[in-house]
Amino acid sequence: VYDRACLQVVGISTEVTYQSHYGTQSSTVTGSGFIIDKSGYILTNHHVVQYAIEGGYPITVMLYNGDSYPATIVGYEDDDSDVAVLKIEGNEFSAATLGDSNSIRVGETIYAVGNPLGELDYTMTKGMISAMDREITTTSDTGATSTINMFQIDAAVNSGNSGGPVYN
């Protein structure tokens, strides 16, 4: 699983700048994603690339082999699904096979692979499906709320794993 995941999982980073009482500051926003088509389409979470969308910041995608690519935002949904699709140039990438979350069951073993903390590239954790049909309500910066239906896992998932896949 890990050998295949390393060819499909990507690290995503955006260098953002902002004004503080110290002047212009910068920080890096990191997350994960995974290749869903051999031509370079990548699935991630909207919140991983939200600052890039809002501020027009460039997005960089890093592969396991060390190659980096500029990415363009193809589309996103920020409300109910928290998904975004990116595109990098190329045509021979290893794409993940998407599963059917309706067919998974509580107790199944899963593996999460991602880029936790933006520094621990390609970390894999093991766990299981803990529950199905968990409805999580989130509140945006504007005060709008949305509810997302998801499955729960007990594998360790840290900041920076957002947007990465879960393998079974």
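Residues numbered from 1 in each chain as written. Predicted model: local features only at pLDDT ≥ 70, side-chain atom pairs only at ≥ 80, totals over all residues. Heavy atoms only, no water.

A.B. asks: Help me out: how do you make sense of the nonpolar core in this one?
C.D. replies: What tends to happen in soluble globular proteins is that the nonpolar side chains get buried as a cluster. Core analysis: the largest hydrophobic core is formed by 15 residues, its most contacted members being Val 10, Ile 12, Ile 42, Val 49, Ile 59, Val 61 and Leu 86. Of all elements in the fold, only β1 (9–20), α2 (46–55), β4 (59–62) and β6 (83–87) reach the threshold of two or more residues within this core. Ranked by the residues each element gives to this core, the list is headed by α2, at 3 residues. Of all hydrophobic cores here, the second largest spans 8 residues; its members include Ala 5, Cys 6, Val 113 and Tyr 167. (Core = buried A, V, L, I, M, F, W, Y, C linked by side-chain atoms within 4.5 Å. Buried < 20%, exposed > 50% of the residue type's maximum accessible area, 1.4 Å probe, protein only. Helix = DSSP H or I, 4+ residues; strand = E, 2+ residues; numbered from the N terminus.)

A.B. asks: I'm lost on the packing of aromatic side chains in this one. Help?
C.D. replies: The geometry of an aromatic ring pair comes down to the distance between the two centres and the angle between the two planes. Scanning the model with the defined rule gives 2 aromatic pairs in all. Judged by centre distance (5.0 Å) and plane angle (90 degrees), the rings of Tyr 64 and Tyr 122 are edge-to-face. With a gap of 58 residues between them, Tyr 64 in the loop between β4 and β5 (68–77) and Tyr 122 in the loop between β7 (109–114) and β8 (123–139) connect regions that are remote in the sequence. The buried category is assigned to Tyr 122, whose relative accessible area is 10%. Over the ring of Tyr 41 we find Lys 87, and its NZ or CZ is 5.4 Å from the ring centre. (Phe/Tyr/Trp six-rings, centres within 6.5 Å; stacked < 30°, edge-to-face > 60°. Lys NZ or Arg CZ within 6 Å of the ring centre and 35° of its normal.)

A.B. asks: How do you make sense of a negative patch on the surface when you look at a structure like this?
C.D. replies: A cluster of like negative charges, contributed by Glu 54, Glu 77, Asp 78, Asp 80 and Asp 141, occupies part of the molecular surface. Tracing the sequence through the fold places Asp 78 in the loop between β5 and β6. Here Asp 78 falls in the partly exposed class, since its relative accessible area comes to 42%. (Patch = residues over 30% accessible without salt bridge, like charges linked within 9 Å, V, L, I, M, F, W, Y side chains within 5 Å. Areas by Shrake-Rupley, 256 points an atom, 1.4 Å probe, with all protein chains shown as cover. Salt bridge = Lys/Arg side-chain N within 4 Å of Asp/Glu carboxyl O. Lys, Arg positive; Asp, Glu negative; His and termini not counted. Charge placed at Lys NZ, Arg CZ, Asp CG, Glu CD.)

A.B. asks: Help me out: how do you make sense of α2 in this one?
C.D. replies: Side chains three or four residues apart in an α-helix point the same way, a direct result of the helix having 3.6 residues per turn. For α2, the complete set of buried residues consists of His 46, Val 48, Val 49 and Ala 52. Relative to the axis of α2, the buried residues are bounded by an arc of 130 degrees and lie together on one face. Structurally, α2 contributes buried residues whose contacts are with β1, β2 (23–37), β3 (41–45), β4, β5 and β6. Looking at the residues trailing α2, positive phi occurs at Gly 56, about 70 degrees. (Arc of directions from axis to C-beta. Contact = heavy atoms within 4.5 Å.)

A.B. asks: Would you explain the sheet that holds strand β9 (residues 145–153) in this entry?
C.D. replies: Backbone hydrogen bonds hold the strands of a sheet together, and the pairing may be parallel or antiparallel. Sheet architecture is open: 4 strands sit in the order β9-β8-β7-β10, paired in antiparallel fashion. The outermost strands of the open sheet, each flanked by one partner alone, are β9 and β10 (166–167). Across 2 bridges, the pairing between β7 and β10 is antiparallel. Each bridged residue has a counterpart across the sheet, and for Ala 112 the counterpart in β10 is Val 166. (Pairing = 2+ DSSP bridges.)

In short, shape yes, function no, at least from these values alone.
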